[in-house]
Structure formats: C-alpha cells, structure tokens
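Single-letter residue listing:
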Amino acid sequence: MSEATLSFSDPDQIPILLGTHDCHIRQIEDSLGVSIVHRNDELRIIGDDSLIQKSLRIFAELKAIIQSTGELSAEQVQTALYNGSFISEQVKQVPTTTPSSIDLFEKTKKVHPRTPGQSGYIKAIGEHDLVFCTGPAGCGKTFLAVAMAIHALRTESVRKIVLVRPAVEAGEKLGFLPGDMLAKVNPFLRPLLDALSSLLDFDQVNRYMENDIVEVVPLAFMRGRTLDNTFIIMDEAQNTTVTQMKMFLTRMGMGSQIVVTGDISQIDLPPDISCGMTDAITRLRNIKGVGVVQLKNEDIVRHRLVGEIVKAYQNEDTMGH
C-alpha cells in the first residue's frame, strides 16, 4: 500500500470537494478502491500506486472545476472518473474459457455458477454486448446478470448500472394500488433490489443509488434516454410488447452492455399482444454481438420443489384437460 497527500491553498475548496456528508469522496473511494482521509487542509490517499495516480488525476480535474465554478456536482465527479482515463483506458477482456466464478471485489465474496448452463450464461455475457436469456423461475437469470454488472462496475468496464422492469400486473391493476406512480411500481422493481442487496451490503447499495451509480427504474422511464458506458439489465422481459422492446434496446449507447432476461412460459400480456422478447430473439439472434442463452429446469437452484413445480406446470396433459 502507498500513500499520497493532496494539499489545498484555499481551504474553502475542501468542503466542496468532499460533498454533502462526504458523498463525493465516497463515490471516488467506491469507484477507485482507495481510502481517502481528510485531515486539516489535506487529503491523504491510501492504496495501490496505480490507483493513487489515477486518483490524483481525478482530483486535479475536480479542483479545476471548483476553481472555475465554485461548486461540484455528483454528475461532474462521475464524469471526471470516466474522463480521467479511469474507464476509457480499459479494454473489455473476452474470456477464452468458461469462467469459474464472478469476482465482486467485495472482501472475499465471489459468485460461482452452479450448473453448466449457468456457466455458459456468464460466458455469453462476457463475450457479447447484448444477451437474451430465457429460462424458468429459479435458474439464476437475474441474479447472475446483476453479479456480472457489479463485476463490470468494479473492474471499470462501465460507470453505471441500470436495472429495468416492465410494470405489468399478474392479475392486479396498477390503478387500484395505493400511492403515487413511484409507489405503485415499487413492488415490480423489488426483485431487482433484492438481487442487488444479496450481493452487496446495505450501505454500499444505498451509496451507489444516492450517487446515481446504480439506478432501478420501470421500463416506461427509459423512453428518450441514451445510456453510454452502462450495464443495463431488463428483467421479466417476457412482459414487454414488440414496441417496448425496440424502444428499450435502442437506449444502448457507446460502451454499454445489455442483458435481457425472462421466462417465456409466464407471459402476463393480453392474448392478442405479441411478446417483445420472443420477437426480438427471432429478429436479432443471428446478428454478430448478440448472444441467446436458454436455461432449463436442470439449472434451477432454488428449493428442490421449485424444479418439480415448474415441471408439473409444463406437463399440461397431467392437469386433466
């Protein structure tokens, strides 16, 4: 471990650089993997040599912004992290073998695929910019995609994670639920938050969301956006229409990656509406850079009964029709 000291001729710049409740410093620490200590009129940066050098370049840019404008926003910090040869100098590594684990760089925590199908899934995400994954409940579609997104963020391949879900009801109408629109869609977004919270500690998740490094949004909120250098995951994609899927996929900006997951045996769309996920797979599967993965019953890693339940509902002739 090495250490560097950053001095300030104008002490009034320090609170601006720290941000409210030290939010800017935490954002830099989380992104770069260094420790930053504020003492008197100095900042001490502790970490590996290469990371300290990156940190000093970032701080030089941020100090210039403060000197010029007298203020500093979280978005400017995030942009500096990207522009300061933080992400742009990284080259996406395409694995030559099937990965045995996903390193989250969270202490010693790693995520291990538990079936050959899951191994093939994370390999496909590593090799393609757009991946469609279908499969039954409990096969790890969402969990593994979120783990890969965290890995991409921690290895500086992307600067942001966006988790998306269509707000399509399974038998209950949004209009009858209490609260404003955000309160109404919150239950639909909860599974994505659960996946995130199971991989990172509570404080880390909150910091990422407060600093707009992780965003969890309903599909309708994606219209009109372009997301560069972002890992985007759409869950429950079997409940998108063809128009919605086209809108979502065209949000993809430079340096971004998309994973689309869904269970095409559980479509909640009206019978006369075409499924956007199956349509997209048919249209796009032969395009270079697009991967299609189908997980099966043997990839289910929840309670043993989940696999049996899925099987029972697949065998419609046994239901007495």
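The numbers attached to residues start from 1 for each chain and follow its sequence in the written order. Per-residue local features are limited, in this predicted model, to residues with pLDDT of at least 70; the limit for side-chain atom pairs, both in listing and counting, is 80 or more; totals at the level of whole chains, interfaces and linings are taken over all residues. Side-chain figures throughout are based on the complete set of non-hydrogen atoms in the structure, without hydrogens or water.

A. Region of the structure containing the overall build of the chain. By definition, any uninterrupted DSSP run of H or I lasting at least four residues is a helix, any uninterrupted run of E lasting at least two residues is a strand, and each is numbered from the N terminus. Looking only at helices and strands, one finds eleven helices and eleven strands in the chain. When the 321 residues of the chain are sorted by exposure, 47% land in the buried category. Two residues qualify as a contact provided that any one of their heavy atoms is within 4.5 Å of a heavy atom in the partner residue. Partitioning the intrachain contacts of the chain with sequence separation of at least 6 by distance along the chain shows that 73% fall at a separation of at least 24. To sort residues, take the accessible area from a 1.4 Å probe on protein chains only and compare it with the maximum for the residue type: under 20% means buried, over 50% means exposed, and anything in between is partly exposed.

B. Expanded view of the sheet that holds strand β1 (residues 2–7). Taken together, three strands build an open sheet; the order of strands is β1-β3-β2 and the sheet is antiparallel. Every other strand in the sheet has two partners, leaving β1 and β2 (35–39) as the edge strands with one partner each. Across the sheet, the axes of successive neighbouring strands diverge by a mean angle of 20 degrees, strand direction being ignored. Pairing between β1 and strand β3 (residues 42–47): six bridges, direction antiparallel. Bridged to Thr5 within β3 is Arg44. At least two bridges found by DSSP between two strands are what make those strands a pair. In this analysis an axis means a line fitted to C-alpha atoms, helices contributing only their contacting stretch, and an angle means the value between N-to-C directions, from 0 to 180 degrees.

C. Representation of the nonpolar core. Within the largest apolar cluster, 39 residues are counted, with the highest numbers of intra-cluster contacts made by Tyr121 and Phe231. For this core, the element with the highest residue contribution is helix α6 (residues 141–154), accounting for nine residues. Every residue in contact with Phe231, bar those within four places of it in the chain, is listed here: Ile125, Ala145, Met148, Ala149, Ala152, Val158, Lys160, Ile161, Val162, Gln257 and Val259. Side-chain atoms within 4.5 Å link the members of a nonpolar core, which is a set of buried Ala, Val, Leu, Ile, Met, Phe, Trp, Tyr and Cys residues. With 24 residues, the next largest nonpolar core counts Leu32, Ile36, Ile52 and Val77 among its residues.

D. Molecular detail of the pairing of strand β7 (residues 160–165). In terms of burial, β7 is largely enclosed, as six of its six residues are buried. Here β7 shows two buried faces, one formed by Lys160, Val162 and Val164 and the other by Ile161, Leu163 and Arg165. In terms of strand pairing, β7 meets strand β9 (residues 230–234) through five bridges, oriented parallel. Within β9, the position partnered with Lys160 by the bridge is Thr230. As defined by bridge partners, β7 adjoins strand β8 (residues 214–218) across five bridges and the pair is classed as parallel. For Leu163, the partnering residue across the bridge sits in β8 and is Val216.

E. Up close: the packing of helix α5 (residues 116–127) against α6. Look at α5 against α6: their axes get within 11 Å of each other, and the N-to-C directions meet at 40 degrees. On the basis of the axis angle, α5 is oblique to α6. Crossing hand, α5 versus α6: right-handed. When α5 is examined against α6, the residues Gln118, Tyr121, Ile122, Ile125 and Gly126 are found in contact with a partner set consisting of Lys141, Leu144, Ala145 and Met148. Note on residue classes: Ala, Val, Leu, Ile, Met, Phe, Trp, Tyr, Cys and Pro are nonpolar, Asp, Glu, Lys and Arg are charged, and everything else, Gly too, is polar. The residue makeup of the contact of α5 with α6, split by class, is six nonpolar, two polar and one charged. Any angle that is under 35 degrees is reported as roughly parallel, and any over 145 degrees as roughly antiparallel; angles of 65 to 115 degrees are reported as roughly perpendicular and all others as oblique. Note: crossing handedness is left-handed where the near helix turns anticlockwise from the far helix by less than a right angle, and right-handed where it turns clockwise.

F. Layout of the pattern of salt bridges. Whenever a carboxyl oxygen of Asp or Glu lies within 4 Å of a side-chain nitrogen of Lys or Arg, that contact is scored as a salt bridge. Counted under the stated rule, the structure contains ten salt bridges. Note that Glu210 is salt-bridged to Arg26, the shortest N-O span being 4.0 Å. A residue pair is termed long-range when its members are at least 10 positions apart, and Glu210 in helix α8 (residues 202–210) and Arg26 in helix α2 (residues 23–32) qualify at 184 residues. Exposure remark for Glu210: the relative accessible area of 58% places this residue in the exposed category. Taking relative accessible area as the criterion, Arg26 reaches 23% and is therefore assigned partly exposed. One salt bridge connects Lys160 with Asp212, and the closest N-O pair in it is separated by 3.1 Å.

G. Structural detail: the side chain of Ser55. Secondary-structure assignment places Ser55 in helix α3 (residues 49–69). Residue classification places Ser55 among the buried residues on the basis of a relative accessible area of 0%. With residues up to four places along the chain from it excluded, the contact list for Ser55 reads Leu32, Val34 and Ile45.

H. Region of interest: unusual backbone geometry. Positive phi, normally seen in glycine, also occurs at Asn40, with a value near 55 degrees. By secondary structure assignment, the location of Asn40 is in the loop between β2 and β3. For Glu236, which is not a glycine, the phi torsion comes out positive at approximately 55 degrees. Its relative accessible area of 25% is what places Glu236 among the partly exposed residues.

I. Examining the pairing of β3 more closely. Looking at chain direction, β2 and β3 are connected through five bridges and run antiparallel. Counted as the bridge partner of His38 is Leu43 from β3. Between the antiparallel neighbours β2 and β3 lie two residues, among them Asn40 with a positive phi of about 55 degrees.

J. Examining the environment of Val34 more closely. Its place among the elements puts Val34 in the loop between α2 and β2. Its relative accessible area of 4% is what places Val34 among the buried residues. C-alpha separation for the pair Val34 and Leu51, spaced 17 residues apart in sequence, amounts to 6.9 Å. Contact partners of Val34, with chain neighbours within four places excluded, come to Glu29, Ile45, Ile46, Gly47, Leu51 and Ser55.

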